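Listed here are the chains, written in short residue letters.
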Amino acid sequence: MEKARIDFRDQIARNKFKSLILIIVIFLFFVVLGYVISMVLDPGYFFIIMIFSIIFSLLYTVIGYYNSDKIAIASVGARPASRQEHSQFFRSVESLTIASGLPMPRLFVMESEQINGFASGRDPHHSVICMTSGALKKLNKDELEGVLAHEMSHIANYDIRFITLTAVLVGMVAIISEIFLRSLWMHGDKDNKASAILMLIGILFAIFAPIVVQLVQLAISRKREYTADATAVKFTRYPSGLIGALKKIKGDYGKVKEKHVSKAVSPLFFAAPMKELLSTHPPLEKRIETLERM
């Protein structure tokens, strides 16, 4: 039985809504964690923890956010693309800027036999697209345009900004949990107000909350990849190029050397550059199946 067709507009709207719900889940974990800790510790002491974690997490993330393009490019050792050497790369991106209405990003190439690439930058006017030398060599025109349309979609959807928001919330939960657990060694014996059961609940929540929000963050990242795939179809009006690229990546697995990159940069890539137990990307098979129904 043939599966129902998917409208890329419905796919985009549905995935954006799910991403918003997941952000709310992380925020609720942050609020509940704060409430539990305030019940265990003195509320005034908890207020100091909250202020410190918020300031530290925001400073760390804002610095990374405003330099996201430079950090990502430097971390993979990429070089600026040459219009003479990478003419198809330039032509494809220029064509997509017309289709999407986005400004021309700066283009870079990193050495790797893998078929991969990523986009970064805090907004469309400060964006970069970096492709592997393997992608430029192995993909035909339609497949390359499909991958580039996916990366342009991340820029158009302000995914770096969205990922930054989740990073702030996840970072605050992790910092607060860590400070709370460490503070128990100093204050646990002196605080006679907190019952043993409440203390145990606080400890368990502080241990598991960062793990849960990390899993939610991975789910958000996977939803954004589906959204970028659907938006790429919107830009190109045909999913076959993107499907062909994904199939070639699947065929390359285990045959070419993995590109080892920082875990902080890995979520930016078109496909997971390394095999991970908990991946930031949906399975290639699921992405291909979804695209084939559009």
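Structural notes, computed from the coordinates. Along each chain, residues carry numbers from 1 onward, in the same order as the chain's sequence is written. Local features in this predicted model are restricted to residues of pLDDT 70 or higher, and side-chain atom pairs are both shown and tallied only at a pLDDT of 80 or more, whereas totals for entire chains, interfaces and linings draw on every residue. Calculated side-chain values reflect all of the structure's heavy atoms, with hydrogen atoms and water omitted.

Considering the overall build of the protein chain
As a reminder, the rule being used: Runs of E in the DSSP output that reach at least two residues are strands. Runs of H or I that reach at least four are helices, and both are numbered from the N terminus. Type-normalised accessible area, obtained with a 1.4 Å probe on protein chains alone, sets the label of each residue: buried when under 20%, exposed when over 50%, and partly exposed for intermediate values. A contact between two residues is defined here by any heavy atoms of the two lying within 4.5 Å. Method for areas: the Shrake-Rupley scheme with a 1.4 Å probe, in which residue coverage is limited to the protein chains shown.
Counting secondary structure elements, the protein chain contains ten helices and four strands. When its helices and strands are written in sequence order, the protein chain yields α-α-α-β-α-β-β-β-α-α-α-α-α-α. Within the protein chain, buried positions represent 51% of all 294 residues. In the protein chain, 73% of the contacts between residues at least 6 apart in sequence involve partners at least 24 apart. Within the structure as shown, the protein chain displays about 14,800 Å² of accessible surface, and the carbon and sulfur contribution to it stands at 65%.

Here we look at the side chain of T97
Topologically, T97 is positioned in helix 4 (residues 87–100). For T97, the residues in contact, after removing those within four places along its chain, are L102, P103, M104, P105 and M152.

Here's the deal with the nonpolar core
The cut-off we apply is this: Side-chain atoms within 4.5 Å link the members of a nonpolar core, which is a set of buried Ala, Val, Leu, Ile, Met, Phe, Trp, Tyr and Cys residues.
In this structure, F89, I129, M131, L148 and M152 are the most contacted members of the largest nonpolar core, which totals 35 residues. Within the residue set of this core, elements represented by two or more residues are helix 4, strand 2 (106–110), strand 4 (128–132), helix 6 (141–156), helix 8 (196–236), helix 9 (240–252) and helix 10 (284–292). For this core, the leading source of residues is helix 6, giving six residues. Beyond its immediate sequence surroundings of up to four residues, F89 is in contact with A81, L107, F108, V109, I129, M131, L136, L144 and L148. Ranked by size, the runner-up nonpolar core spans 14 residues in total, among them F108, F118, V265 and F269.

Some remarks on the packing of helix 9 against helix 10
The packing of two helices is summarised by the inter-axis angle and the distance between the axes. The condition that has to hold: Interaxial angle, 0 to 180 degrees, is taken between N-to-C directions of lines fitted to C-alpha atoms, where a helix line uses only the stretch in contact. Oblique is the label for any angle not under 35 degrees, not over 145, and not in the 65 to 115 range, which are roughly parallel, roughly antiparallel and roughly perpendicular in turn. A clockwise turn of the near helix away from the far one marks a right-handed crossing, whereas an anticlockwise turn of less than a right angle marks a left-handed crossing. Each residue gets one label: Ala, Val, Leu, Ile, Met, Phe, Trp, Tyr, Cys and Pro are nonpolar, Asp, Glu, Lys and Arg are charged, and the others, such as Gly, are polar.
Orientation of helix 9 relative to helix 10, taken along the N-to-C sense of each, is 160°, at an axis distance of 10 Å. Our classification of the angle between helix 9 and helix 10 gives roughly antiparallel. The hand of the helix 9/helix 10 crossing is left-handed. Counting all contacts with helix 9, which are made through L242, I243, L246, K247, I249 and K250, the residues of helix 10 involved are L284, E285, R287, I288, L291 and E292. For the contact of helix 9 with helix 10, the per-class residue count stands at seven nonpolar, no polar and five charged.

A word on the packing of helix 6 against helix 9
Where helix 6 contacts helix 9, the two axes come as close as 7 Å, and the packing angle between them is 95°. By the angle between their directions, the pair helix 6 and helix 9 is classed as roughly perpendicular. On the side of helix 6, the interface is formed by D142, E143, G146, V147 and H150, while helix 9 contributes G241, L242, G244, A245 and K248. Considering only residue class, the contact of helix 6 with helix 9 consists of three nonpolar, four polar and three charged.

As for the sheet that holds strand 3 (residues 117–120)
What counts is decided by this rule: At least two bridges found by DSSP between two strands are what make those strands a pair.
Within the open sheet, the four strands sit side by side as 1-2-4-3. Their pairing is mixed. Because the sheet does not close on itself, it has two edges, and the strands there are strand 1 (79–80) and strand 3. Two strands pair when backbone bridges link them, and strand 3 and strand 4 are joined in this way by four bridges, in the antiparallel orientation. Directly across from S120, in strand 4, lies its bridge partner V128. Set on the sheet, helix 4 makes contact with strand 2 and strand 4; between it and strand 2 the angle comes to about 140°.

Structural notes on the pattern of salt bridges
Any two side chains of opposite charge can pair, so long as their charged atoms come close to each other. Here is the rule: We count a salt bridge whenever a side-chain nitrogen from Lys or Arg sits within 4 Å of a carboxyl oxygen from Asp or Glu.
Following the criterion strictly, the structure yields eleven salt bridges and no others. Put simply, E292 and K247 hold a salt bridge, and the shortest N to O gap is 3.5 Å. Of this pair, E292 sits in helix 10 while K247 sits in helix 9, and the two are 45 residues apart along the sequence. By relative accessible area, K247 is classed as partly exposed at 45%. Ionic pairing is found between E285 and K250, a salt bridge with its closest N-O pair at 3.7 Å. Linking E285 in helix 10 with K250 in helix 9, this pair joins segments that are 35 residues apart in sequence.

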